[in-house]
Amino acid sequence: MSTVDPTMSVPGAHARVAAEKQRTDPSASAPDGHARVAGADGPVPAAVTPREARAHFRTGRGGPTAGWAPGYAQANLIAVPADWADDVREFCARNPQPCPVLDVTGPGAWTTALAPDADLRTDLPRYRVWENGEPIAEPTDVRAFWHEDLVSFLIGCSFTFESQLTAEGVPLRHVEQGSNVSMYVTNRPCRPAGRLSGPLVVSMRPVPARLVETARRVSRAMPAVHGAPVHTGDPAALGIADLSRPDFGDPVRAEPGDVPVFWACGVTPQAALAASRPPFAITHAPGRMLITDVPDSHYRTA
């Protein structure tokens, strides 16, 4: 797979989104800030196929998708009216690390070659609906919001390389803690394109210092899902004041000896929506991806 969190930057938006989420999402974050995971009445995320995961999300259940259907690629979603599609396409081309495009649909289409039986309107755990740069709802089904001229972009997600990190012995603290990954708006501007501009958003994983180079090597080999980290160490270099207060997702507790490692994030287009204010858009909710049928090895270059 943002200068401030869009839900925080527009007066009243955060409250409306939070209320909608509390009302409709049985898997919303628990009071301690950690996302609830499937229990005895739901699937075990690491044991399901992509199709089984999508079927589960289609029922309106499911939280962050990290750890779900390991071994398969995940994708961020941004759907915009056709007259904004060229702006998004060029923005992604000019900013390939945060916005690596895996697929683009035709106007109005809700299917993708990445998962031929998937419905892009129902098969992600949660969405964001945007009007004039403001998120107005976070439903689990966007069929009622879908426009016939929407063009969807599926953008590579760093959750894709997490199974390989695990295989190489790199712990995933957010998965261990049952939480969403931490995401932050940075002080680095993206290259503008047409009517779109905005800052780089990053995801952060605490990594044991001795395994930082392993994490770099594993992710560097998968440029289609954000590739190598953009920064390691002091968050202030990215304009991040407090790691315990992510702009998106949940705070993730580091263990002794961990170092913060930052990757470009597919929430970056949502920051561009907030900054550029197109009349309408639909995106995934941060951390809640489309799980595709494409093996993650397909995107491994070495």
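None of these values were measured; they are calculated from a predicted model.

Considerations on the overall build of the chain
- When helices and strands are tallied, the chain shows eight helices and 12 strands.
- Taking all 302 residues of the chain together, the buried fraction comes to 59%.
- Accessible surface computed for the chain: about 11700 Å², of which carbon and sulfur atoms make up 53%.

Re helix α4 (residues 82–94)
- Its 13 residues place the ends of α4 19 Å apart at the C-alpha level, agreeing with the 18 Å of an ideal helix rising 1.5 Å per residue.
- Those residues of α4 that fall on the buried side of the exposure criterion are W84, A85, D87, V88, F91 and C92.
- Among the structural elements, β1 (72–81), β2 (101–104), β5 (150–156) and α8 (268–276) are those in contact with the buried residues of α4.

Regarding the confidence of the model for the chain
- Mean pLDDT over the chain stands at 88; residues scoring 70 or higher make up 86%.
- Scored below 50 in pLDDT, residues 1–40 shows 90 contacts in the model against residues more than four places distant or in partner chains.

Focus on the packing of aromatic side chains
- Within the structure shown, the criterion is met by three aromatic pairs.
- Ring geometry for F161 and W263: centres 5.6 Å apart, planes at 45 degrees, overall tilted. Of this pair, F161 sits in the loop between β5 and α5 (162–167) while W263 sits in strand β10 (residues 258–264); the two residues are 102 residues apart in sequence, bridging distant segments of the chain. In terms of burial, F161 and W263 fall into one category: buried.
- Taking 6.5 Å as the distance between ring centres and 70 degrees as the angle between the ring planes, the aromatic pair formed by Y184 and F262 counts as edge-to-face.

Calculation rules
Residues numbered from 1 in each chain as written. Predicted model: local features only at pLDDT ≥ 70, side-chain atom pairs only at ≥ 80, totals over all residues. Heavy atoms only, no water. Helix = DSSP H or I, 4+ residues; strand = E, 2+ residues; numbered from the N terminus. Buried < 20%, exposed > 50% of the residue type's maximum accessible area, 1.4 Å probe, protein only. Areas by Shrake-Rupley, 256 points an atom, 1.4 Å probe, with all protein chains shown as cover. Expected span 1.5 Å × (residues − 1). Contact = heavy atoms within 4.5 Å. pLDDT = per-residue confidence, 0-100. Phe/Tyr/Trp six-rings, centres within 6.5 Å; stacked < 30°, edge-to-face > 60°.

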